[in-house]
Every structure is written in C-alpha cells, then in structure tokens.
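# Fold and geometry: a report
If you want the building blocks of each chain, they are given just below.
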There are 6 protein chains.
Amino acid sequence: MHTTKQLIQLALGEDIGPGDITTDNLVAPDARGIGTIVAKQDLVVTGLQVAEQVFCLLDPQVTFEARYADGAQVASGSTVASIEGTLAALLKGERTALNFLQRLSGIATQARDYVEMVAGTPVTLVDTRKTTPGWRVLEKYAVRMGGAHNHRMGLYDGVLIKDNHIAVCGSIAEAVKQVRQAISHLVKVEVEATTLDEVEDALAAGADIIMLDNMDLEQIRRAVEVVEHRALVEVSGGVTRQRLKALALTGVDLISIGALTHSAVAVDLSMNITAN
Amino acid sequence: MHTTKQLIQLALGEDIGPGDITTDNLVAPDARGIGTIVAKQDLVVTGLQVAEQVFCLLDPQVTFEARYADGAQVASGSTVASIEGTLAALLKGERTALNFLQRLSGIATQARDYVEMVAGTPVTLVDTRKTTPGWRVLEKYAVRMGGAHNHRMGLYDGVLIKDNHIAVCGSIAEAVKQVRQAISHLVKVEVEATTLDEVEDALAAGADIIMLDNMDLEQIRRAVEVVEHRALVEVSGGVTRQRLKALALTGVDLISIGALTHSAVAVDLSMNITAN
Amino acid sequence: MHTTKQLIQLALGEDIGPGDITTDNLVAPDARGIGTIVAKQDLVVTGLQVAEQVFCLLDPQVTFEARYADGAQVASGSTVASIEGTLAALLKGERTALNFLQRLSGIATQARDYVEMVAGTPVTLVDTRKTTPGWRVLEKYAVRMGGAHNHRMGLYDGVLIKDNHIAVCGSIAEAVKQVRQAISHLVKVEVEATTLDEVEDALAAGADIIMLDNMDLEQIRRAVEVVEHRALVEVSGGVTRQRLKALALTGVDLISIGALTHSAVAVDLSMNITAN
Amino acid sequence: MHTTKQLIQLALGEDIGPGDITTDNLVAPDARGIGTIVAKQDLVVTGLQVAEQVFCLLDPQVTFEARYADGAQVASGSTVASIEGTLAALLKGERTALNFLQRLSGIATQARDYVEMVAGTPVTLVDTRKTTPGWRVLEKYAVRMGGAHNHRMGLYDGVLIKDNHIAVCGSIAEAVKQVRQAISHLVKVEVEATTLDEVEDALAAGADIIMLDNMDLEQIRRAVEVVEHRALVEVSGGVTRQRLKALALTGVDLISIGALTHSAVAVDLSMNITAN
Amino acid sequence: MHTTKQLIQLALGEDIGPGDITTDNLVAPDARGIGTIVAKQDLVVTGLQVAEQVFCLLDPQVTFEARYADGAQVASGSTVASIEGTLAALLKGERTALNFLQRLSGIATQARDYVEMVAGTPVTLVDTRKTTPGWRVLEKYAVRMGGAHNHRMGLYDGVLIKDNHIAVCGSIAEAVKQVRQAISHLVKVEVEATTLDEVEDALAAGADIIMLDNMDLEQIRRAVEVVEHRALVEVSGGVTRQRLKALALTGVDLISIGALTHSAVAVDLSMNITAN
Amino acid sequence: MHTTKQLIQLALGEDIGPGDITTDNLVAPDARGIGTIVAKQDLVVTGLQVAEQVFCLLDPQVTFEARYADGAQVASGSTVASIEGTLAALLKGERTALNFLQRLSGIATQARDYVEMVAGTPVTLVDTRKTTPGWRVLEKYAVRMGGAHNHRMGLYDGVLIKDNHIAVCGSIAEAVKQVRQAISHLVKVEVEATTLDEVEDALAAGADIIMLDNMDLEQIRRAVEVVEHRALVEVSGGVTRQRLKALALTGVDLISIGALTHSAVAVDLSMNITAN
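Thresholds applied
For every chain, the first residue of the written sequence is number 1, and numbering continues from 1 onward in sequence order. Going through the entries in the order they are written, you letter the chains from A and number the ligands from 1. Two thresholds apply to this predicted model, a pLDDT of at least 70 for residue-level local features and 80 or more for giving and counting side-chain atom pairs, whereas whole-chain, interface and lining totals are computed over all residues. To obtain the side-chain values, all non-hydrogen atoms of the structure were used and water was disregarded. Only DSSP runs of H or I covering at least 4 residues are called helices, and only runs of E covering at least 2 are called strands; the numbering of each starts at the N terminus. When a residue's accessible area, from a 1.4 Å probe over protein chains only, is under 20% of the maximum for its type it is buried; when over 50% it is exposed; and in between it is partly exposed. Whether two residues are in contact is decided by their heavy atoms: any pair within 4.5 Å suffices. Areas reported here follow the Shrake-Rupley algorithm with a probe of radius 1.4 Å; residue values treat only the protein chains shown as occluding. Whether two aromatic rings pair depends on their centres lying within 6.5 Å, for rings of Phe, Tyr and Trp, where Trp uses its six-membered ring; planes under 30 degrees apart make the pair stacked, over 60 edge-to-face, and the rest tilted. The criterion is that NZ of a Lys, or CZ of an Arg, lies within 6 Å of the ring centre and within 35 degrees of the ring normal, and then a charge sits over that ring. The pairing criterion is simple: DSSP has to find at least two bridges between the two strands. Only the contacting stretch of a helix is used when fitting its axis, a line to C-alpha atoms as for every element, and angles between N-to-C directions run 0 to 180 degrees. Throughout, the accessible surface (probe 1.4 Å) given up by two parts as they are put together, summed over both, is called the buried area. Salt bridge, as used here, is a side-chain nitrogen of Lys or Arg placed within 4 Å of a carboxyl oxygen of Asp or Glu. Any pair of N or O atoms that falls within 3.5 Å is considered a polar contact. Within protein, one atom must be able to donate a hydrogen and the other to accept it, and sequence-neighbouring residues count only if both atoms are side-chain atoms. Directions are taken from the helix axis to each C-beta atom, and the arc is the one they span.

### Describing the overall build of chain A
Along its length, chain A carries eleven helices and twelve strands. Dimensions of chain A, computed from the C-alpha atoms along their principal axes, are close to 70 × 40 × 25 Å. Taking all 276 residues of chain A together, the buried fraction comes to 59%. Partitioning the contacts of chain A with sequence separation of at least 6, the portion at a separation of at least 24 is 70%. A total of about 10,000 Å² of accessible surface is found on chain A, and carbon and sulfur atoms cover 49% of it.

### Here's the deal with the packing of aromatic side chains
Following the criterion strictly, the structure yields nine aromatic pairs over all chains and no others. Between Tyr156(B) and Tyr156(C) the ring centres are 5.5 Å apart and the planes differ by 80°, which places this aromatic pair in the edge-to-face class. Placement of the pair is Tyr156(B) in the loop between helix 5 (136–145) and strand 7 (159–161) and Tyr156(C) in the loop between helix 5 (136–145) and strand 7 (159–161), with the two residues belonging to separate chains. The same class applies to Tyr156(B) as to Tyr156(C), namely buried. If you follow Arg241(A) out to its NZ or CZ, it ends over the ring of Tyr114(A), 4.7 Å from the centre.

### A look at the sheet that holds strand 3 (residues 63–66) of chain E
Through backbone hydrogen bonds, the strands of a sheet pair up, either in parallel or in antiparallel fashion. Residue and element names in this part refer to chain E. Sheet architecture is open: four strands sit in the order 3-5-1-12, paired in antiparallel fashion. If you trace the sheet from one side to the other, it starts and ends with strand 3 and strand 12 (269–275), each paired once. The sheet shows a mean angle of 15° between the axes of neighbouring strands, direction not considered. Alignment of strand 3 against strand 5 (residues 79–86), held across four bridges, turns out to be antiparallel. Across the sheet, the residue bridging to Glu-65 is Ser-82, located in strand 5.

### Points about the interface of chain B and chain A
Across the boundary between the two partners, chain B contributes 61 residues, which contact 61 residues of chain A. A buried area of about 5,100 Å², summed over both sides, lies between chain B and chain A, and 62% of it is on carbon and sulfur atoms. Applying the counting criterion to the chain B and chain A interface returns four salt bridges. In this structure, Asp15(A) engages Arg136(B) in a salt bridge whose closest nitrogen and oxygen atoms are separated by 2.8 Å. Connecting chain B to chain A are 27 residue pairs in polar contact (both at pLDDT 80 or more). When contributions to the side of chain B that touches chain A are tallied by element, the ones reaching two or more residues are helix 1 (2–16), helix 2 (23–26), helix 4 (87–117), strand 7, helix 6 (163–169), helix 7 (172–182) and strand 12 (269–275) of chain B.

### Examining the arrangement of the chains
At the level of C-alpha atoms, the two units chain A and chain D stay apart, their nearest approach being 8 Å. If you take every C-alpha in chain C and every C-alpha in chain F, the smallest gap between them is 8 Å, and the two do not touch.

### Brief notes about the side chain of Thr250(C)
Residues and elements named next belong to chain C. On the secondary structure map, Thr-250 appears in the loop between helix 10 (241–248) and strand 11 (254–256). Judged by relative accessible area, Thr-250 falls into the buried class, the value being 7%. Engagement of the side chain of Thr-250 in a polar contact is seen with the backbone oxygen of Leu-247, the distance being 2.5 Å. Aside from chain neighbours lying at most four places away, what touches Thr-250 is Leu-217, Ile-220, Arg-221 and Val-224.

### Some details on helix 7 (residues 172–182) of chain C
Ile172(C), Ala175(C), Val176(C), Val179(C) and Ala182(C) are the residues of helix 7 of chain C that are buried. Viewed along the axis of helix 7 of chain C, the buried residues span an arc of 135°, placing them on a single side of the element. Exposed and facing more than 90 degrees away from the buried side of helix 7 of chain C are Lys177(C) and Gln181(C). In this structure, the buried residues of helix 7 of chain C make contact with helix 5 of chain B, strand 7, helix 6 (163–169), strand 8 (189–193) and helix 8 (196–204) of chain C together with helix 2 (23–26) of chain D.

The structure is reproduced here in structure tokens:
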C-alpha cells in the first residue's frame, strides 16, 4: 500500500512537476466537473483503487464511483467508473489514472486469456519476478485479478536455489541443508533442476518444490514420474502460448510465465470530462 | 536523474525487502563473481547506465563495463555488458537490472522499427504522455535512443489546449490569449482541433502547433493546406502501423504515437554469472 | 505543490524540532484561540495558501479565512487573514507562517513597484533563475502576483544557449541546429548575444528569442532594429532601477531582472493571538 | 548537515528537473572544464562548503578549491574558489551554487556591518527566528560568520515566555515555575516584558533572561538598573540602524535583530567557466 | 511529532510489507470489529496517542477511545483503550500498536518505581542519551510520564564538556570560555569532573552544572560542600537501585540514570478483537 | 539494509539535530582520534556493521576494525573494535553507535542463554513479532546471532491463522482452503489451536504448522502424539525460563518466545577516545 502511494506520487510529480501550465492558467480552481472512464475494448478491469487514489491526491473531496470490481470482465463501451470533483483535478489526473488503469487491466486481461488456455487442467499458472521495476505489488495483484497465481513476491519470502548457489555450496543437498537451518520454518525451499539427476538430488535433499528449467516435454514427463507428488513440480522457461497446453498436460503442478508481466501491453480505456 | 535513483531504490526495495534469504544464507559476502549480459535477440540496447546503478547500489566497488552505447543496434548473441563484483551483488541485482534493460531496450527497439517505416519522409515521430507511471524520464529517453522524438515531458513544459479548456474559456482565441499572458516566453502553445474550422481558429489565435485529433486522411491533407506552414501540424489518435506511412505522406510535421511507450514489450536479454 | 509541502515540512521541522518546550509545557492541547494577521505597511499580499497549509499541518481542523486574494494591494493596518484553531497550533505556526508571508509578499510588493516604473511601455518584465534555493516555484509565483512575468522555470523547460555552449559547438548556428533536433517541438530556443554580429548569427540560426547580454543603450537600440520583430529581444544584466525606464523605451520585448527575487526583503506583517 | 543536504537536493531538483535540455544536448558528458567564482563587490564570504556540495552532487569527482575560509573579508575582484570537473556539472551547478553563496554571503556581509556599528560596546547582537523557511541552520551560521551571535535555534532549545503564555498561566511567576518543572536543567528561561512591573515580576520569578519588548530608551535604561545583572537583558523590536548605537549604550546585554536575516539581500558573485 | 510519524510508518512497513497475506485473503475489507487493550499487570500506561496513530494510518475512520491519560497508574485487568474500525485494520495494527505501548509503558512504569525510591528527598532523577535509536523523543516522553525528568534532548540543546573536550582545549577554563562565546545565551554549560580539583576548576570557569563522574559517596558529599549551590551538581555513572537512596541523600541536585531507558523491559498488555 | 540505513539516519538526526554544540565549538574539524569499544561484561557481540555505518555516515574516511565477528562470545575487558577517524566524528557517533551495539548485543546475549537452557533437546527456539518498532530486521538478526531462530519476518512472508480469522471464515478447514488458493506456493500455513479438537481440525485441513496457544504440559504432550509429525508443532504463550526445559521435553518442534526481543536489556559496552 505504502509503496503504491510512493509510486502514485512519483507519477503525479513527473507529470505535473511545478504545475499544469495549461489548466492552471485557464480553469478556475473551484470549477467542477464530471469524468467517466470508458472501456474501448473488452477487458478485465484492474486498478480502480489506484485510479481513485490518483484523483484523491489532487482533490481530497473527489467522489470516485467504481461500476465494477477489480477482476471483472467488462465489455467494450461500458463505463467503468465515474468521478466528480474539481475540473482541474480531473484534467490533471486523467492521464496518470489512465496510465495506471490501462497497464494493470492489460496485465489482467492477458492473464485471463492464458488461464483460459489451460482451463480443465489441474495446472496452476504463476508469474515471475520479471515485473516492471517499482510495480511489483501492483502487477502481481493484476495477475491475480486475471485469475493466475503469484510466485514468491521477491527474494525475501521464498527460497529458490539456482545453479550458482549450488556451485558455491558444492551440492544440492548441502545448499538445502544450509538454507533450512537459517530460514523461518514458515518458508519453503525450491530448487532449480536442469537434469533428471538434479531432480532426484533435489528430491533427496527434501526440496518442497522442484523447478524444471528449460526441459523438453519428454524430460518433464519423466521428472513428474520421478517426483511422484513428493514435491511440487514447476516448469519454467520457454513457455510460449503454443506450448502452454502441452505443458499443462504433462502433469506438472505449476507453470511460471514471465510474459504475464513483461509482455503485457496497455488495453484501451479513455476518459470523458465535462464541466458542470 | 534524481527520480531515476528513487525508482531504482523502489525496485531494489520491492525485490530484496528485508533480505535475499537464499543468497544471504548460501553465498559468502566476500565471494566474487563475473556476470555478462547477453542479447538473446536483435535489439536496440538502452538503459545500460541504469543497470550499472542497480549493481552499484548493491556493491559500490562493482566494475560495470558496457560494450555498447545506449541506442546501438545489437545482434542476437552479443555480450552487451560485463560486471565484476561480489557474487552476492550480482545475484541480487540480476533480475532488477534485467527488468530495467529489457523494458527500455524493448521501447527503443520498437521505436527504431517505427522510425524506419517512415524513413525518407520529412515527418517526425513523437511520443505521448502515455508512459508507465514512475518511468516518464526513462521511457522518453528510450524513445530518443530508438530514433523517435519527444513531445512535452509533462504538463509543465508545454501548453496543450484541449476541448475542455476551450469550452471553459469560450473560444480558442480567448484560451490562447489567456494562457500566453501567463506563461514564460520560452514555452509554445499547441491547440487541439477536430474540424477544419477549429484549425482556422487555432491559426488565427496564433497557435504555434495545431494537433489534428482523430481526422481522416482527407481532412488531414486539407488541414495541411490551410495551415500552409504558419504553424506546425501534428497528427494524433488512431495511429496504427498500417496507417503510419500514409499519414507521413500527408505533409504533417509530427505524428504522435502512444504505442511507442504503452505497447512496447520486453526484449530478451539474459545474464550469466560465474563465481571467480 | 508537492515541493512546497516539502519546504513547509522542512520549515516546521527546523523550527519545532522535537517540540516547542514553552508552549507544550504551558498551554493545554485543547485550549483554543484566534489569530489575526495584520499588514504593518502597504504591501501586495502573497502566500496566503502557504500560510494556511502551515497551520493545517499543525492542526488539521484549523479554520483559515483569507480576507484578500494573493496579489491584492493591502493597506497598512488591514487584517489580511484570521485563523481559528488550537492555541498551541497558532503559537507554534505563527513564526513559520509569517516568515513565508513576509518574504513572498516582499517579492510581490517589489515586483509591483518595478512594473509600475515601466507602465505605459510595451515591455514585459521577467524574473531569472536567481531565486532562493528551495523556493523556485513559490518565488516565481510571487513575481506573477506582483504583475511581472516568469522566464523559464528551470533548466528543463526552455533552451538558453550561452557562450560556453557556443564555444563547445563551434558556432551559434551549429548549437541551435543540434539542440532543435533533440528537444520537444513545444520548447523555444533563446540565444545569448554580446555583439551585434552575434545577434545576426542568432537570427540567422532561427533563434526564437535573443538575449542581449550587458549591452549599452545604443547597442540595444541597434539590435532591436536588426532583429525587426523576427525574434523576441530580451535585455539582461546591469538592470538597475535608474536604467529601467530607458531600457523599456529601447523597444526590447523583455527585460529580465535578478533583483526581483535575489534582492527582495521581507515586508512587515504581524500576528495577534488571543485565547478564546 | 542532513537538512542542508535535503535543501541542496531540493534546489538542484527544482532547477534541473528532468534534465538541462541545453547542456545535455550540446555538451559531451566527459568534456571537462574549470570554473572560478569571483567577488564582484567587497563582501564577507560564507557558504563555500554548500557550494562545494552542490557541484559534488552533480559530479562526485569534482575538485573544489576554496581560496578563503567562511567568514573572511574578500575584496571585489578576488577569486573566491576554483572548481575543476565535468563541464556539464559546472554549467548545471553554477546558478544553484551562486544562489546559495550570494544569499549566505549577503547575510554575513550585512551582519559584519551591524557588528561594526556597535564595536567598542559590550553588547551582543543576536539574530531571531525570522529566517527564510528551510534555511534556519544555514542562515544562523552566516550570522555567526558575520560576527554576530545566535538566539535560540528554534522552539525546542530555549524557553521564551510571551504574553499569550503568561495570560494562559495567570502570571509570570506561575508560567516560569510550571515550565522549569518540565524542562531539562540545561535549558534557560527567557521572559518577555513590556513594562517595568513585568521586568520585576520576571526577575522575581527567576527568569534567566528578560526580553524588553518595544520599550523606549528611557524605559530600557530603567530596566537595566532594576535588573542589576541578576539576569541577562535583551532588547527586541524596533531595532533600526539609526537606533542601534543608542540601544547598545543603554547597558543591555543583548540586542536581537530580525533584519539580520529577513532583510539581507544577495551580494554580487559570478562564475567564469572555461572548457579545458 | 514528525519523527514519531516516520517511526510508526517504518514499523508498519516492516511488519506488513507488501501485505498481510493472512488477513488480506480471509477478511473482507469492509468487515468491522472492536478491539480492547487490556493491562495484564499493574503499570503506568504511556503511548496511547502513538497506538491511536498506528490504527489511524491503517484506517483513517477508526475510533480510538483512551480510558486513561498517559502517565496514569493502571491496575492489572483494566481496559486501557477501545478501538472501533475495520476488522482488517485492527488485526494488522494490533502487534505494532502493542509493541509501542508495551515498551513505552515499560519505561514509564520503571521510572515511577525509581522516583518512588527517592520520594521525600529533593533530588531530581534524569534520563540520559542512552535511548533506543529512533526512539529518543518517545522514550524521553515516557520517562516524564513516569515522573522522572529529562536531561538534554541531544547534542544540540545543551553543552556537556567531557574529558576529551578539555584535553583538546587545554583546560576547563579555556573550554568553557570558548564554548560560551559561540552558543546561544539560552543554553547552559555543564562540565564533567572526576576529581575535586576539577570540580573547583569547573566552578571557577563558571559552569552552570557540574557532573560528578563515577565518584564515591564521600567524594560526592565533599563536592556538594565545595560547590555550595553556586552550580547544580549532577551525579552520573554506577547508579544502581541499591545505591540510589544513598546518592539522593548526599545533597546533589540531579542523578542521571541510563537504565531508565536502556534497561526497561516491556510490560504486559494484550488486545482482544471481536468482529461486529 | 535500506531500512537499517533509515534507522541509523533517524538516530543520528535525533541526537545531533542542527549540530553538536559542544564538539563543533571546541574540536577542530580536522583533528583526528582513535576510539576503542570495550566489553564491560561477558557478552555475545552483535551489531558491529551497524556501529561501523554510524561512524561512516559522520566521516566517510573512518577506519573501523572489528576484532570479533557478530555472534562471537566476548569476555569482559576485551576490545571489540577500534575506530580511527576525525575526533569530531568519534565524539558525535559514540553514543549512537553504543546504543545500537548495547541493545543488539543484549538480545544476542540473552538468546544464547535461552538456547543453552535447551541444549541437548531437539527443540528450536524462535522469536516473535514482539520487536521494537523500527528494529524488526536488526533484532531478528541479533536473535540468530545468539543461536536462536526466526519466526516469520512479518505479516507478509508466512500465514498464521488465528481465532479471529477462523471465526470470520466459519471453520479452520475453510480458512486454510481459502488462504492456500490465494498465496504463493512457497509460503507455509500455520494455524493457532487452543484445544485438541482444533489441533485435529488443523491437521485435517492440511496445516503445515500447528501453534499450541497457552496449553499446559499435558495438553501439549497429547497434541504432539495426535500430530505424529504430520505437521510441525509450535508452543507459544506463557513461556518462562522456569518452564522452558519442560516444554522442550514435550517433543514439540518449536517454542516461540516474545521475551527474546521485548525483554532484552542493554549489555555494558563503553568507548574510549583519545586524540592523536
């Protein structure tokens, strides 16, 4: 929450700077207006509270009425929210509010699409740490609103042992043992494996989750058999839309997809403003 | 610069939080390593100084050697930069540095592509304020590195009179006159026009730039004739890749394209780390 | 706005620090009072919203009633504003609020004076970047309230090519060309000239404004003739009250005056507080 | 120190904002230069470390060589400091560094002047809390560099009981007693008195210092006799240059002068920059 | 106040981070609840406004009703405060609010205990600068709520000349003279003495307070006789509960005790929450 | 790391404020000195890097030589670290550095003591969220240095379902199911149980850890039998030194102890400074 407020302030600061020289010089500070935010395409809306905060920071008396909850499917042409406040606040906040809404809804909309591609399979789609710097919490929220799930939030709330860590410690067994001793009993340990031998080592070491890195379908199926539900199995790397369904059918528990955040684009939303 | 540092700190904070529980528990603080950042596709690289700052904040003694300058065309497989420092700093900074580089290079790469589509025409492609909140300065920089140009930086360094401003003031003439009186003599005034009548009004009012909003090709050509180089003419709205070349050939001076920033996706870059 | 709030917080922090050890120990936190801010000399009042914010930060329920708008001419003895709130907030905020009001009104009062000296001439008086560090936006606002105009806000919203830039680029023509390519089409280019040859070079290079640096009256008149309204002409340097009217009559468009901000002194305002 | 750094960053931020669009586009980032700061009038220089910090924030490798110590009397035409660093840092920092130096040296120069007016008398001249918001520590430092002394730094490091505090407590005796109980034994208590009766009350109450508020010379002399060195006597209010010497000869210990800070103007210093 | 708000935000940030993953996923954002804070032992309550601010930052509409004022003696089992607001805010703020209350009340409770040990003697018990970093203002406040007094707040609001300062200056006399010249007339000077000779030197130098450092009872009594009320006498170092009463009876004015803050432990308070 | 730096800056700010008026006026800025930090009792030292940062913030060229690593057992009289730098930095940083070291070493020393009480049993001692606000990361680090372990860092990196959450959801089963769906697969779920029935419910619901809240020894032994290693069992509440060994022998996996942080007191360390 706190970080989001910082990001909103950064965003308003970079857009308005020392002042909106058009609006400040043409619009009376007490003139009032109404704005409506409209979907210009079918989309999963997300970020309405952020948009509300944008306007509230500019005019604490603003009234923001959301017509949908975050995560709702909205048809093109629908009004998503209406805002009543000073005309100046509406004009100054419009672009920043839309910039937030368009990106977050873009992520949610794309995530929904991915989730539907694997509907009917037991697999869980999760995001990665490939998020826009400064947007981690917001983008992971948008992923959830689209129906996918979150991987760890950052480097602090889950252990992921990669090749470099293993190399430094000497073996998977040693790395898992060492990290278990140090961390809270509430945190799980995931180990990255690139071969079936490593999968077995990870399993023997007591990994809670095993991440199969860039394996082909056949290797993945074999790994699932080896693990036999004694740990969760996650697939990562090279996950394309084309390959997604096949991956889901291998029996893995989780597929992590960087594109959920790093390749989402803005959806089309606009704001109509009228003085009143 | 200052804002960028804030964004980098926000990014490291959200990723590392109270600590990287894997690396902090497995890698000795004084172990050293080398990282190389490699392009996994053809791209225009941008953001190398930001990547350098990421690692420097984690280890002030790090050595970051960029092999290319921002804006350079880089072939798939090329090493973009090498970094030498503590292994812990490399492991903790890797994802954040790549997240910056991948997005900024993605914008520059796409911008280069747009610019090439209008090569040979005198038109200038410019970005908009549809940037990722918190990233205004960085994304506008990436647009320049891709060869396109910048519109105003924010609401403070250029006047853009839109329909709401005109409605409040009564007429384009009145709005231009009122704003000119208030602003610095170093700032230009742009007026949005949706009809040819408005184009003529804006011209008569002494607008420095006239923005044609969502006009068709025929209207645009007529507007260019009417203006006759007495003001700059900018086209905005509904600019698709398909329509770009035709727009460029209408004789307008500027085409502004929101997609330069709001629809850019990450390009593929990865980092190899080895302990030494 | 944002920066102003930072400055107010800095100011309250440096004055109150860990606590007002007189008031905190003598005045009950819920005791209430009324304050009136009174002009002790004729002045142009400016900064009332800043003064209001000072008290609001100390007591969010305070009522601040301004009797004049910023920019109004106020006669000695007049009440400028009245404030109702906790007695403690009034006592703690008094000095800081007055410090803001006295300096800003001092700038506005002096600016009004300068403007009146050139009344009847078409010249525009503008400020410079010689403002009190931390006060840029506020002091430029006070200049406007006094009836003078603003030069660029900072280094980011207008180009001013000086001797060092020209030396580095080789010529005025080259410098103007190079900077035009890089900047937004909404920003103008001003060139500093110390000789008539440089005035002609700047004109040929397409400068939007030419700044005559430390020229004598005769040179200035010649420059105005040379430029012939093809660019705006600004006079800068050595602008004294004695010389102001003569400068205004040379036909230049703009006179920039550092003293508008760097040599303004506080006007006399005081605050009467009574418990109620 | 900390607050000063915040103020410098605020100042650089408000001047440079998202970038110096002239210098960034015309001067190579690695081009180097030399700057010299020169006094254009006789003055007491103050603020050299602040100026140094300005340039260091822009270029950590800058070399700043001060030719004088803060507080030194400098003759017109003398070089005050020379700076070597990137040309870009010199050009971007010039105005902000000079803005600090000119104001702080202006305060020190004026303070020196006041101090000389009372040379030979045992009186101590002190400043007030009428400082520029955000500049408290710096301006009080400049006052000392000019040879005058500081009153309390803020509301937290000295007790000053005024009429409102007395009214609320019922009597001077009660107010002094109440505050003494609460404060540290390292802090002194000053009481404001407007009549000789109040002077006697304050003395009886055990005030460490008695401030005579807006009294005439005769009253002041009487007060000094009454107090008989049992407390320090301070004169405040209506202190003009004309009246200063006469006040000093009344035998009071301290004269506090708001004009030391609120009516100081910038002295003339300039910076010459050459590429090298 | 300002610093306290920073500390509260730091505290909420470190506890909640990117989100309370239990409450955020199980409790509806608009569900409401009531909490009561109950003393589980006899204690002097302190910190109720801090606790209120914790909840207000999480839910600005929260109602916090304190049943006691800070400094009140509260019996085990008593309800100290009740809070009404969203259930989520109660659950998220509970631990942080209690952590503040338990530590501050712990300090006040222990201070009350110390004060009672010297009841009937004229000595004043004061704290030291041995406070928890970040908590200076709050802990000194808790000391006052427990009935003890404050020494200086920090290095800025009182002079304390120690052995190192004396060594550097050559003598106590020289050190006192030098510092007096520089500081405000509202600040007192304390000198640390380890021998009776130093006590006499400090007295001759005009010290306002003399701190006897680690002397035995006999030396202390002698020092009190030497000083004869011409300065305040403070005892510091080696102050144990066992020795306290004897020290108080030596006739010294002040005893400073680091344990008031550095050895206070949390008292037992808990919070009951019910949904409503 | 970041938060720690903020806390150190807060601490230096609250102690030094606008300046150390003793040292700034008596010690030349370039005078140098040496400090040694000495243990005045047997202790487990912790916080040496924090102490180093304190001095580095005051004098970036300081040399800090730690003689022990954090977590080392140090005998009374041993030198823990030596510092070489400006005398002013040593004098200004002394108290803040010691305040950090004394509290952190106090926690580590007490933790070591607790750990030794259960030596030979397989139980793990863990801390709680009852830490000093602002100190979470530092205090949890000190707990580890003393040999105990950490519970979750905050509300964000582990799920703990308490009675209120269960009440709102209807049942333990429902609460666990609901939260599992929402959280990352890297995070574990702990459930608080006050009766054996609840223990069975939690087990059936698939809790990873079951916290036995305020049970007696007999109930705890029964719960351990019921769980039969299908989940971790944690004991919480009413853990006294007297009861600790008995609790450890019940067969539970974890005992959480608030006193590890909320009831630790400072250990005795002092700093000797000499000019050189």
